[in-house]
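Chain by chain, the residues run as shown.
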Amino acid sequence: MDEPSNPLIDNTSRRLPGWSMLAFLVVAPLIGLLAFWLLPERTNLSVLATFFATCLLALFIAVLPLGRDAPAALGLRPVGWRPIVLAVLGTTVLSFVVSQLGPQPEGVREVTQGLQGIQALQTLAVLGLLAPVAEELVFRGLLYGWLAGRWSNLVAFIVSSLAFAAAHTEPLHILLVLPLGFWFGWLRWRTGSLVPTIMAHIINNTIAVSAAVFLAP
C-alpha cells in the first residue's frame with residue numbers, strides 16, 4: 001500500500017489547533033438553528049440535508065484561518081490507487097456482513113420508504129454524497145486531526161470511531177455502523193489520508209441507499 005508521510009508528524013505541516021475544534025462546536029449550532037428556522041418545509045430529507053450542509057459550512061469557517069494548510073491538516077492529501085481499492089472492497093464486504101446481522105434501522109427506513117422520481121434522486125444525493133463527505137470531514141478530518149495532533153493516532157482512531165457511531169443516535173444503527181467506523185478510522189490512520197475513506201463511504205452509501213430506494217418492494 002502506498003503510504004505517504006503523515007501530516008500529523010510532519011513538522012512542515014500545520015496541525016489542527018484546539019481553537020478550530022472549538023470554533024466548529026460554536027459555529028455549527030448557530031448556523032444550524034438559523035437554517036432550521038428558515039426551512040420552509042421540515043421533512044426528514046430537508047432536515048438531514050440542512051444538518052449536513054451546516055456541518056460542512058461550519059467546518060469551512062473553523063479551518064479557514066489555516067489557509068493553504070487546512071486541506072492537509074484535515075487529511076485531504078493525495079494517495080495511491082491501491083488504498084482506495086482496498087477501502088472500497090473492504091467497506092463493501094464489511095457492509096454486506098453487517099447488513100445480515102439485523103434489520104434496517106428505523107430512521108433509514110423512514111427516509112427512504114416510498115420515494116419515487118425526483119425525491120428518490122434527492123435522497124440519493126443527500127445520503128449518498130452529502131452525508132459521507134460531511135461525516136468524513138468532521139469525524140476523520142477535524143476530530144481525528146485534532147486528537148492525533150494533541151495526543152496520538154491511537155486516541156484519534158478510537159475516539160473518532162466511537163463518536164462517528166454514536167452520532168447515528170438510534171441504538172441499532174449505532175451497532176451496525178460501529179464496525180465501519182473502526183474500519184474507516186484504521187484507513188485514516190494507516191494511509192494518513194482522508195481520500196480512501198471518503199471514496200469508500202460515498203460508494204457504500206450510494207449502494208445502500210439505491211437498494212433501499214429503488215429495489216425495496
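So, how was this worked out
- Residues numbered from 1 in each chain as written.
- Predicted model: local features only at pLDDT ≥ 70, side-chain atom pairs only at ≥ 80, totals over all residues.
- Heavy atoms only, no water.
- Helix = DSSP H or I, 4+ residues; strand = E, 2+ residues; numbered from the N terminus.
- Expected span 1.5 Å × (residues − 1).
- Buried < 20%, exposed > 50% of the residue type's maximum accessible area, 1.4 Å probe, protein only.
- Arc of directions from axis to C-beta.
- Core = buried A, V, L, I, M, F, W, Y, C linked by side-chain atoms within 4.5 Å.
- Contact = heavy atoms within 4.5 Å.
- Phe/Tyr/Trp six-rings, centres within 6.5 Å; stacked < 30°, edge-to-face > 60°.
- Lys NZ or Arg CZ within 6 Å of the ring centre and 35° of its normal.

Caption draft 1: Layout of helix α7 (residues 153–166). Here α7 is 14 residues long and its end C-alpha atoms lie 20 Å apart, about the 20 Å a rise of 1.5 Å per residue gives. Turning to α7, its buried residues are N153, A156, F157, S160, S161, F164 and A165. Down the axis of α7, the buried side of the element spans an arc of 145°, and every buried residue falls inside it.

Caption draft 2: The arrangement of the nonpolar core in detail. Ranked by size, the top nonpolar core spans 30 residues in total, and within it L16, F24, L59, V63 and L142 carry the most contacts. Among the secondary structure elements, those contributing two or more residues to this core are α1 (18–38), α2 (44–63), α3 (70–74), α6 (117–150), α7 and α9 (195–215). With eight residues, α6 is the single largest residue contributor to this core. Other than its neighbours up to four places away in sequence, L16 contacts V63, L66, A73, L74, G141, L142, G145 and W146.

Caption draft 3: Layout of the packing of aromatic side chains. The full count for this structure, using the stated rule, is seven aromatic pairs. Plain terms: the ring middles of F51 and F52 are 5.3 Å apart, the flat faces sit at 70° to each other, and that makes the pair edge-to-face. The class of F51 is partly exposed, set by a relative accessible area of 42%. Given the relative accessible area of 8%, F52 is considered buried. Between the aromatic rings of W183 and W186, the centroid separation amounts to 5.7 Å while the plane-to-plane angle is 15°, which identifies the pairing as stacked. Pair noted here: W183 and W186 are both in helix α8 (residues 171–191), with a separation of three residues, about one helical turn. Aromatic ring contacts, followed pair by pair, group F139, F164 and F184 into a single cluster. R140 extends its terminal NZ or CZ atom over the ring of F164, reaching a point 4.3 Å from the ring centre. One cation-aromatic arrangement involves R150 over W151; the distance from NZ or CZ to the ring centre is 4.9 Å.

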